[in-house]
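# Summary of structural features
Read off the chains here:
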Amino acid sequence: MANFNLEVGRAIDTGWQYTKKYGLLVAVIYLLVHVVTGGVSSIFNGLFGSSMNPEVLGNVNDAISRGDWEAVARYASLMNSGIAGNISTFFTSMIETIVGIGLYNLALGLMTGRFTEVTVNAFKLPIEVYVKAFVVSFLVGLICIVATLCCIVPVFFVAPRLVLAPVYQVDNPEAGIIESISASWHMTADNTLSMLGLGIALMFIAFLGLLCCCIGIYVAYPIELFATVAAYYQLKGNLQLSPR
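Residues numbered from 1 in each chain as written. Predicted model: local features only at pLDDT ≥ 70, side-chain atom pairs only at ≥ 80, totals over all residues. Heavy atoms only, no water.

## Description of the environment of Phe157
So the rule is basically this: In this description a helix means any DSSP run of H or I spanning at least four residues, a strand means any run of E spanning at least two, and both kinds are numbered starting from the N terminus. With a 1.4 Å probe rolled over the protein chains alone, any residue whose accessible area is under 20% of its type maximum counts as buried; one over 50% counts as exposed, and the rest are partly exposed. Contact between two residues is taken to exist if any of their heavy atoms lie within 4.5 Å; hydrogens are not considered.
Note on placement: Phe157 falls in helix α5 (residues 152-162). Judged by its relative accessible area of 40%, Phe157 falls in the partly exposed class. In the structure, Phe157 is positioned ten residues away from Ala147 in sequence and 9.0 Å away in space, judged by C-alpha atoms. The residues touching Phe157, leaving out its near neighbours within four places in the chain, are Trp185 and Thr192.

Structure follows, in structure tokens:
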């Protein structure tokens, strides 16, 4: 049973203290990521169109049945635009996840003294770490989607228990993917409501950031980053008390 309990207020206060010291450069990184991902989406949408009409596939089938190959070719180009949109979404999500992994490493390093400033060295991780952390993030998201599809209530139980899995993976690069997910599940034992409360508090901070002419959201991002890592360090000791 977990003996280390999450103190939501302390985690948010830690997030704020680190944001005051390092948040400006972290916010700039988030801004650059949004500019780059927005540019990628614009390029794909400009070249191929934004989305595919849901009736296109049916029109293709009808054209094939009529033997109208000119129409097939025309509708196929529309299908390609939909595929391109999916590719664009994949690449933008991948960029955001990769940068997020580097920022987790930065926050972990700043809180332990491994880093003393915001530095690109935080992003110099082995490819294997990026791959494993990416897969962990993907699986956590997939599990939360399944929980939502099953019933809206379980996701409020599952998500808070798994949110620290990517942080654990970055902090323990030698760990396996399933081990990282399991570690998050165990370290948050008996802290589900506290983790949920932290998530709600961070969502509220992000909402306030949006109200500040949307610029404040770039202040909210560093607070969320550092508060999440602070929560990780508060609960990390539970892994020594609970067998995985």
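## As for the pattern of salt bridges
Operational definition: In the sections that follow, a salt bridge refers to a side-chain nitrogen of Lys or Arg positioned within 4 Å of a carboxyl oxygen of Asp or Glu.
Under the criterion given, the structure shown has three salt bridges. With a shortest N-O distance of 3.7 Å, Glu128 and Lys132 are connected by a salt bridge. Of this pair, Glu128 and Lys132 both sit in helix α4 (residues 127-150), separated by four residues, roughly a single helical turn. According to the relative accessible area criterion, Glu128 is exposed, its value standing at 52%. A salt bridge links Asp171 to Lys236, with the shortest nitrogen-to-oxygen separation between them at 2.9 Å. In this pair, Asp171 is assigned in helix α6 (residues 165-171) and Lys236 in the segment after α9 (217-235), connecting sequence segments 65 residues apart.

## What about the nonpolar core?
If you look at soluble globular proteins, the nonpolar side chains tend to sit buried side by side. Put simply, the rule is: Residue types Ala, Val, Leu, Ile, Met, Phe, Trp, Tyr and Cys, when buried and joined through side-chain atoms within 4.5 Å, form a set referred to as a nonpolar core.
One finds Val26, Leu103, Leu106, Met187, Leu225 and Phe226 to be the most contacted residues of the largest nonpolar core, which totals 43 residues. Elements with a contribution of two residues or more to this core: α1 (8-48), α3 (69-112), α4, α6, α7 (177-187), α8 (192-211) and α9. Ignoring sequence-local partners within four residues, the contact set of Leu225 consists of Val26, Tyr30, Leu103, Tyr104 and Ala107. Judged by nonpolar contacts, the second largest core, of nine residues, contains Val136, Cys144, Ala147 and Val158.

## What to know about α5
Helical geometry: 3.6 residues make up each α-helical turn, so side chains three or four residues apart lie on a common side. Looking at α5, one finds that the buried residues are Val155, Val158, Pro160, Arg161 and Leu162. Summarising the contacts, the buried residues of α5 are in contact with α4, α6, α7 and α8.

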